[in-house]
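So you can see what is in the structure, the chains are spelled out below.
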Amino acid sequence: MNSLMRSNNSFPSLIENFFGRDMNDFFGAGMPSMNSVPAVNVVEHNDGFRIEVAAPGLKKEDFKLHLNHNNLTISSYQETQKEDKGNENEKYTRREFSYSSFQRTFMLPNSVDADSIQATYTDGVLKIEIPKREEAKVKPPRQIEIGG
């Protein structure tokens, strides 16, 4: 009975492993929440961290960055209205509304200098530079003299 229970519990993961992400994308294609979160890269370098958010088609005014107790929240809200008027003999207007939004929160380490965070938006990529505090930066190796 235990082996049957074990095989039943692993069945969903077997299906996920077999079909992979393509099957999830197929069934999730109509779900806006699955497609509305942009891809994010987090890079650590000697002087700090950089978060890169791929969000083409947005403007810098569409983004909001909020820092609260080392939690950096990146959010966006965009409303698009398309108005299509018929020919001059017709008296109707058709509107199509499109809304998109997302929110991502990142917990920042205590080693960052929160007062010096800067963000830029260029070519569809939001880049957030998060510098480390001076005392948290990696120091180059040095020789220590041994005293007598």
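Shown above is the structure to which this text applies.
From a predicted model like this one, the values you see are computed outputs, not experimental measurements.

Draft legend 1. Looking closely at the pattern of salt bridges. By the definition in use, this model includes six salt bridges. We note a salt bridge from E52 to R50, for which the minimum N-O separation is 2.9 Å. In this structure, E135 engages R133 in a salt bridge whose closest nitrogen and oxygen atoms are separated by 3.9 Å. Exposure remark for R133: the relative accessible area of 38% places this residue in the partly exposed category. One connected set of salt bridges, linked through shared partners, spans D47, E134 and K137.

Draft legend 2. Representation of the sheet that holds strand β1 (residues 40-45) within the structure. The four strands lie next to each other as β1-β2-β7-β6, forming an open sheet whose pairing is antiparallel. At either margin of the open sheet sits one strand with a lone partner, and together these are β1 and β6 (118-122). If you compare each strand with its neighbour and ignore which way they point, the axes differ by 15° on average. Note that β6 and strand β7 (residues 125-131) share five bridges and pair antiparallel. Opposite Q118, over in β7, you have E129 as the bridge partner.

Draft legend 3. Spatial organisation of the environment of E61. Topologically, E61 is positioned in the loop between β2 (48-54) and β3 (63-68). With a relative accessible area of 58%, E61 lands in the exposed category.

Draft legend 4. How the structure looks around the environment of L58. Here L58 shows up in the loop between β2 and β3. Placed 65 residues apart in sequence, L58 and D123 show a C-alpha to C-alpha distance of 9.8 Å. Those residues within four positions of L58 in sequence are excluded, and the remaining contacts are F63, S76, Q78, F102 and Y121.

Draft legend 5. Highlighting the nonpolar core. Ranked by internal contacts, the top residues of the largest apolar core, which has 15 residues, are I51, V53, I74, I128 and I130. For this core, the secondary structure elements donating two or more residues are β2, β4 (71-85), β5 (93-107) and β7. In contact with I130, other than residues within four places in its own chain, are G48, F49, I51, L72, L108, V112 and I117.

Draft legend 6. View of the packing of aromatic side chains. Summed over all chains, the structure comprises two aromatic pairs. The interplanar angle of 70° and the centroid separation of 6.4 Å between the aromatic rings of F63 and F102 together place this pair among those described as edge-to-face. Of this pair, F63 sits in strand β3 while F102 is found in strand β5, placing the two residues 39 residues apart along the sequence. Ring plane angle 50° and centroid distance 5.1 Å describe the contact between F63 and Y121, whose orientation is recorded as tilted. A residue pair is termed long-range when its members are at least 10 positions apart, and F63 in strand β3 and Y121 in strand β6 qualify at 58 residues.

Here is what the cut-offs are and how they apply
- Residues numbered from 1 in each chain as written.
- Predicted model: local features only at pLDDT ≥ 70, side-chain atom pairs only at ≥ 80, totals over all residues.
- Heavy atoms only, no water.
- Salt bridge = Lys/Arg side-chain N within 4 Å of Asp/Glu carboxyl O.
- Buried < 20%, exposed > 50% of the residue type's maximum accessible area, 1.4 Å probe, protein only.
- Pairing = 2+ DSSP bridges.
- Helix = DSSP H or I, 4+ residues; strand = E, 2+ residues; numbered from the N terminus.
- Axes fitted to C-alpha atoms, helices over the stretch in contact; angles between N-to-C directions.
- Contact = heavy atoms within 4.5 Å.
- Core = buried A, V, L, I, M, F, W, Y, C linked by side-chain atoms within 4.5 Å.
- Phe/Tyr/Trp six-rings, centres within 6.5 Å; stacked < 30°, edge-to-face > 60°.

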